[in-house]
Every structure is written in C-alpha cells, then in structure tokens.
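Residues per chain are reported as follows:
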Amino acid sequence: MRSVYPSALAVLVLALLCDLSQAQDAVPARIPVTLTPEEFRFFACAGRPGEEGEHVRAFFLLQKAGTPGRVEFPGVDLTTDQPDDWTSSKGQVADGELQVTVTFRPQAVRTSTATLKIQVDYPLGGGRVTETITLALEGRGVVCGPATPPAGGGDPPPAGGTPPDGAPGGGATPASGPADIELCLKFHLVDGPPPRPTDADFDAWVDEVNRTFAGSGVRFKRSPPTRNVPSAPETGEPELAEEDPHCLDVYIVDDIPGPTLGDGDVLNPESEEWRAMLRELGIDPDSPLGKNMGYGRRCRVEIGRNSGRTLAHELGHILGLGAGPDPIHRDPETGDDIEDGERLMHGTPQGTKLTDKEKQIARRLARWIEDHRSPCGGSQQRVPSPRNEQLDPRGDLRFASLLALDRELVFTAFLEAPFDLAATSPALSLELDTDLDGAADHFVSSQFADNQWLTEQEPPAELRAPVPAPEALFEIHLPAPVPDRRAGALQLRVPREFLPQSYGPLGWRLALSQRALGTDDAVPAQGFSTLDITTPALAITLDGNLRQLRVAPNSPLTLSGSLITTPTLDGQIDFSARILSDQGLLQLPLGTLDKPAPDIWSFAATLPADLAPASTFLSVIARCSRCQRVTSDVAALELVDDSGGGLPLLLLLLSLVALAGLVLLLSRRKRTPAAT
Ligand SMILES: [Zn+2]
C-alpha cells in the first residue's frame, strides 16, 4: 500500500500533461454533437496464423440537447495507410444519433493510422451547414506471447480475439471438439392431469441430450419453461405458446396420436446459401439426401419413460439427422435405412450413438440456426392467425413472423397446409407502416406465375433498395414427410435500405391470396403488428482517468466506466480484462451485468503476481452472452516493479520534478499572450 500515493500522483501528473498536450477536443464546440468514446487508439494481436485478433470500437455521436432542429449525418469515410487492417460500418441508432463501428484487424505486426471523417449537417441561423469531424486513429498490431494450450472445461474466448458479430462458422467443421455452440431449449408443457414434469425432469432430459451429443461441439441448455399451455381437446395439438426467439421450442404433450413418441417441423430451404452449406458438408444439394435435408426450430415430445431419449432423437432431426426420402431414419453416408438399434437416429427404439458424420452435420446445422436467429433479442415477433374452423385449411396462414437481422428484415408466412406453388399461383403481399399513422406507406407484392415470381415494390427499386423475390420453404412434417415437397412457408427478405429508417418501431402486415383456391388470409387480420427493429448495439467506455494505468503485479485494480445499449439488446453482459504481458495474453474475468441497460459499471480485479515490468496495454471486453456481441475499450498499462523500498521514493521524486515542470510550463503559457 505504501506505493499508492506516489503512483496516483504520477498518474495525475501524466493526465494533466496529456490534457495540456491536446490542442482541442475531437469535436469542435460549435458542432452540436457529443462523441463517445474519445479514445482513438486500437491494438490487437497479429503475426501468428490463427491468432489474428481484432479490436472493435463503436463510436456514438449524439445530437446535443436544445439543438433547434435535427442533426443529420450524411457521410462517413475511413481512409488508411493499411486498407487490409481497417474497416468501418455505419448504423443509425435513432434520430439525431449515429453509430460508427471501427474494426482494427492487423494483418501483420505493424502500426498503422486511419482517418475517420464524419459529416455533420446541422441547423444554424435560418439555414443548415455541413461540417466534417476528423478523427485520427492509430492501430498497433502486436505479437501475442507464446501460444496457450486449449483450455479444458470452460470456454474462454480464443486468445487471438473474437470472431466478428454474425460471422458464419467458416469452412472447417471438425467432427468433434469442445462444445462451442450452445443451443437453448424452451420447454412448453401442455396442460394436463398430474403428475406433470418438474424442473428437475427437464434438467435430467437436457443432461441426457448433452451426453448424447457429447463430442459434436453442440451443447444444449434450457431457459425457464412455460407451463399450462392449452391444447386442442381432440388432437392434443398445443396452441402456439410464447416462444423464445433465442431458443428451440419443445412442446411436451401427453399423447401424440399413433405409435410416435415425438415429431418435429423441419424447414428445407432452397437458397444458394443453404446449398453452399450442404456442399461444404460434402452433400450434393440435388441428391436425395440433399433435397430432403432441412433444419427445424420446433418439436414435440410425448411424456413418458424415455422422454430424454426421445428429445435427443427429435433434436437430431432438427439438426438434419436421419434425412432422406421416406423412411427418414437414414445414414448420411450410405443413404441406407439405419438398422442398428444402438444408434440415436434408429427409428424405434432409439439408442444413443452418433457417427462422426452425424456429429459434423449436427454441428454445422446448429451453427446455421445460430446464424439465422435474432441476433440480440427483442427483434423477433411471431403473430398467430385466428384459428380458422373451416374444414379445408388450404390457403390459411398459421402465423407470420418478423425477424430483424443486422442487414435485413425476414418476413415469413407459415401456412396451415403445404401447397403446390405452380398449381395455386399464390400472391404474397407485405404492407409496412413506417410512420405508425395506421396507414400502409411501403409495399412489396409478389405473384407466382409461369414458374417464377414477379415482384413489385413501392417505393420502386430505382429509388430504394430492390427487394428480392420470396423464397418458398419446403416444410416436412416428421415423422411422415410430405412426398412432393410442397411449400410450407413463404419468406420475404427485405433489405433495411428499403425502409426510410432502419430503427425504431415498424408496423407490418403479411397477406396471402391463392387465386386457384379463391382464398385470402392476412396476419394480423386487421391493422398492423409493431416491432422495434433497431439493430442491437452495445458499447463500453473506460473512465477517462483510467486511460493511463500504472500498477504493480499482485495489486488490486478497480476498473470502471459506462455502458451504452439499445433497448433491443438482450442477455447478460460478461466483462473481462486482457493484459498483454511477457507471458502472453492474460485473461482476467471481471464480472457480469445481468440486465443490459445504459449504466455505470465497476469491477475489481487483482493482477497476477509474476508479471515482469513492461509498458503494455489492458483492454476491457464486454460480451453479450446471448448474442456474443462484443465491445471493448483499451488503456495503456505500465507494469511496475513492486520490489524494493527505494522505488516509491524515486517515483515521488520524479512526480515532484514533473509537477515542478508543469508549474513552470503553466507560468510560461500565461505570459505568452503579453509577448505577442
Ligand atoms: Zn425419427
């Protein structure tokens, strides 16, 4: 403790000197916006294959309160001497706000600079002026110590940095390895006579599922279950429950008619992205296996002795296992019906074994589900259609959903009964109420005729981004697949650029008419559903007085700062610190914020005892556990030698000398105006 006072004084002196050396703020006072964080240094690991790191920082510009009229941000431009190392992206968060995310990913051990220019258009007098804010960024690509052996047990982020948000799983899909994909299960327990399954039962089932999928790289956890879900008396078919956009939905029912113990809905997309993923798995998309391969989000399991095993089997189907033309319990390599009763994907009864190929497929499809879900919560909405009592369900919508992804909005109409596209000539129309005045102002309308979609949009494609044609999802009801692969859902992917603004609440309505059947249906039946489509954002800032840290090994350190999030972000935020030292990149867990909300955070940590003195960096990393969104901030770190009593005295002397210099400097400055 004896060294604290001089060290603190030294930091104070340094901070004062830094303040003096900065000629002006990053944003001139006349421009009515604030900028956070005012920190322009980046650092990340480089130089070792597979250890490329990155440093991502989101800058927020916010219109100052009291500005008469709205501030706009017409342009953002990043120039750099190392274009391979820097990228930036712009996203508007709300009126008068701008978020610019800068990613520094050094391709070599080198220091590079970048210039970020942000145009600000603001009201002044009776008119408007446009000015440019120029931020000078510096990035250091540094060597990151000896490679650390892969840690067992937990799953710390890789030493070289974190993958970018929403990045696909990449080409390599090992058949086994540590579980790095976690899928969440949401149990919906249908109302029925006691005894009902308890939380302990759910836990036991999840344990059994995890034992079965061990070595696949996929793990399952569960979120709190919903209970007392009503069901239709005749069929036992559950009503649609409140589903969790982050989870796979598992309906637990008393009885499924017939001998089956479980079933699931599998969507069988036809997009190029899906076909490319199949090829990556060594599966020809046009082969019988490829054509019948699909993924699911929902299954049903009967309450019984083997519910955990049945659940594992249905999750196998959801992850693409057993796929093939009827019968649907096939081996993905031979294409033959599985006859070995010890294998999980055997028809009935099921065992527990998965082949390496099955593990590889399950892992890749789990990644696909991860990549195609709501990124950070709050941005998915499912609207059920009123139950139609007609005998003929053809042409009726079961429900419609809106999934707000980073770059596009995915609207899906799910049909009560699969139908043949060519025979029914469906027309899908989307109405959007972007200003929430109760009237539609943006339209997309697609008609299927002559074996192709004809799509019209308002505003037209010349003025706004073109909306691609809808895609039919071919739904297979398990365990009895639909033989002719009729469409079970229609999906429209609307680029955010089609909308006048890509944030805030949006009213939407999907309608389907099938001329050949003479049917019309819409969800919602009247008016619009509303969803906040703001792209979830997360940013942290270290407190300004922590930019220059001077700490001895084995001494306590308190880190604090602020957190900025959008309301659509969901999930707990895990904080950790990384220190670049002579022993490589050290990871220090700091703590967790349960609810992401704009807040102040403060965590204490103790530095390891055996660090050598060095001038290095400390970065604080905040990660949303649910969507893996990552943000970080960085400070310069001076690791000092704590041994020997002479050092504190030396520091005190140095500080006094610096203080004297400062006083001298200040007094000289005061005289300067008189001299000119
Ligand atoms: Zn099955």
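We now turn to the structure provided with this report. (Residues numbered from 1 in each chain as written. Predicted model: local features only at pLDDT ≥ 70, side-chain atom pairs only at ≥ 80, totals over all residues. Heavy atoms only, no water.)

## Here's the deal with the side chain of Thr 67
And step 1. Inspection of the secondary structure puts Thr 67 in the loop between β3 (55–63) and β4 (76–80).
And step 2. Engagement of the side chain of Thr 67 in a polar contact is seen with the backbone oxygen of Lys 64, the distance being 2.6 Å. (Helix = DSSP H or I, 4+ residues; strand = E, 2+ residues; numbered from the N terminus. Polar contact = N/O pair within 3.5 Å; in protein donor to acceptor, adjacent residues only side chain to side chain.)

## Some words on the pairing of strand β33 (residues 630–639)
And step 1. Of all ten residues that make up β33, nine are buried, and the element is covered over most of its length.
And step 2. Looking at chain direction, strand β27 (residues 548–551) and β33 are connected through four bridges and run parallel. By the bridge assignment for β33, Gln 548 is matched with Ala 636.
And step 3. Direction of pairing for strand β32 (residues 614–624) relative to β33: antiparallel, over a ladder of ten bridges. Directly across from Ala 622, in β33, lies its bridge partner Thr 631. (Buried < 20%, exposed > 50% of the residue type's maximum accessible area, 1.4 Å probe, protein only. Pairing = 2+ DSSP bridges.)

## Some words on the nonpolar core
And step 1. In terms of nonpolar packing, the biggest core is built from 47 residues, with Leu 185, Phe 187, Phe 213, Phe 220, Leu 311 and Leu 319 touching the most fellow members.
And step 2. Elements with a contribution of two residues or more to this core: β9 (181–190), α2 (199–212), β10 (218–222), β12 (247–253), α3 (272–280), β14 (295–302), α5 (307–318) and α6 (356–371).
And step 3. The element that contributes the greatest number of residues to this core is α6, accounting for six residues.
And step 4. Each of domain 3 (181–371) and domain 4 (380–532) gives at least three residues to this core.
And step 5. Once you skip the residues sitting within four places of it in the chain, Phe 187 turns out to touch Phe 202, Trp 205, Val 206, Arg 222, Pro 225, Thr 226, Val 250, Ile 252 and Leu 311.
And step 6. In this structure, Leu 397, Leu 402, Ala 472 and Ala 487 belong to the second largest nonpolar core, which totals 33 residues. (Core = buried A, V, L, I, M, F, W, Y, C linked by side-chain atoms within 4.5 Å. Domains from an automatic or database assignment. Contact = heavy atoms within 4.5 Å.)

## Let's talk about the coordination of the zinc ion
Octahedral metal centres with six donors ideally show angles of 90 or 180 degrees, and tetrahedral centres with four donors ideally show 109.5 degrees.
And step 1. Taken together, the protein ligands of the zinc ion are His 313 (NE2), His 317 (NE2) and His 329 (NE2), with distances of 2.0 to 2.1 Å.
And step 2. Counting the intervening residues between successive donors of the zinc ion yields the motif H-x3-H-x11-H. Separated by 16 residues along the polypeptide, His 313 in helix α5 and His 329 in the loop between α5 and α6 bring together distant segments of the chain. For the residue pair His 313 and His 329, the accessibility class agrees, reading buried in each case. (Donors = N, O, S within 2.8 Å, 3.2 Å for Na, K, Ca; no water.)

## A closer look at the sheet that holds β3
And step 1. Taken together, the four strands give an open sheet; going across it, the order is β1-β3-β6-β5, and neighbouring strands pair in antiparallel fashion. Here the strands that pair on one side only, and so sit at the sheet edges, are β1 (33–36) and β5 (86–91). Going across the sheet, the axis of each strand differs from the next one's by a mean of 20 degrees, ignoring polarity.
And step 2. Bridge count for β3 against strand β6 (residues 97–104) is eight bridges, and the pairing is antiparallel. When the bridges of β6 are listed, Phe 60 appears paired with Gln 99. (Axes fitted to C-alpha atoms, helices over the stretch in contact; angles between N-to-C directions.)

## Examining the environment of Val 551
And step 1. Along the chain, Val 551 falls in strand β27.
And step 2. For Val 551, a relative accessible area of 6% corresponds to the buried category.
And step 3. Distance in space between the C-alpha atoms of Val 551 and Leu 637 is 7.4 Å, their sequence separation being 86 residues.
And step 4. With sequence-adjacent residues up to four places away left out, Val 551 is seen in contact with Leu 557, Leu 607, Leu 637, Glu 638, Leu 639 and Val 640.

## Section: the sheet that holds β27
And step 1. The strand order across the open sheet formed by five strands is β27-β33-β32-β29-β30, and the pairing between neighbours is mixed. The open sheet has two edge strands with one neighbour each: β27 and β30 (584–593). On average, adjacent strands in this sheet sit at an angle of 30 degrees to one another, irrespective of strand direction.
And step 2. Here strand β29 (residues 573–581) pairs with β30 via nine bridges, running antiparallel.

## With respect to the state of the cysteines
And step 1. In total, this model carries one disulfide according to the counting rule given.
And step 2. The disulfide partner of Cys 184 is Cys 247, and the S-S distance across this bridge is 1.9 Å. Across the S-S bond linking Cys 184 and Cys 247, the dihedral sits near 60 degrees, which makes this disulfide right-handed. Taken as a pair, Cys 184 in strand β9 and Cys 247 in strand β12 lie far apart in primary sequence, 63 residues in all. (Disulfide = S-S within 2.5 Å.)

Don't take any of this as a statement about function, it's just geometry.
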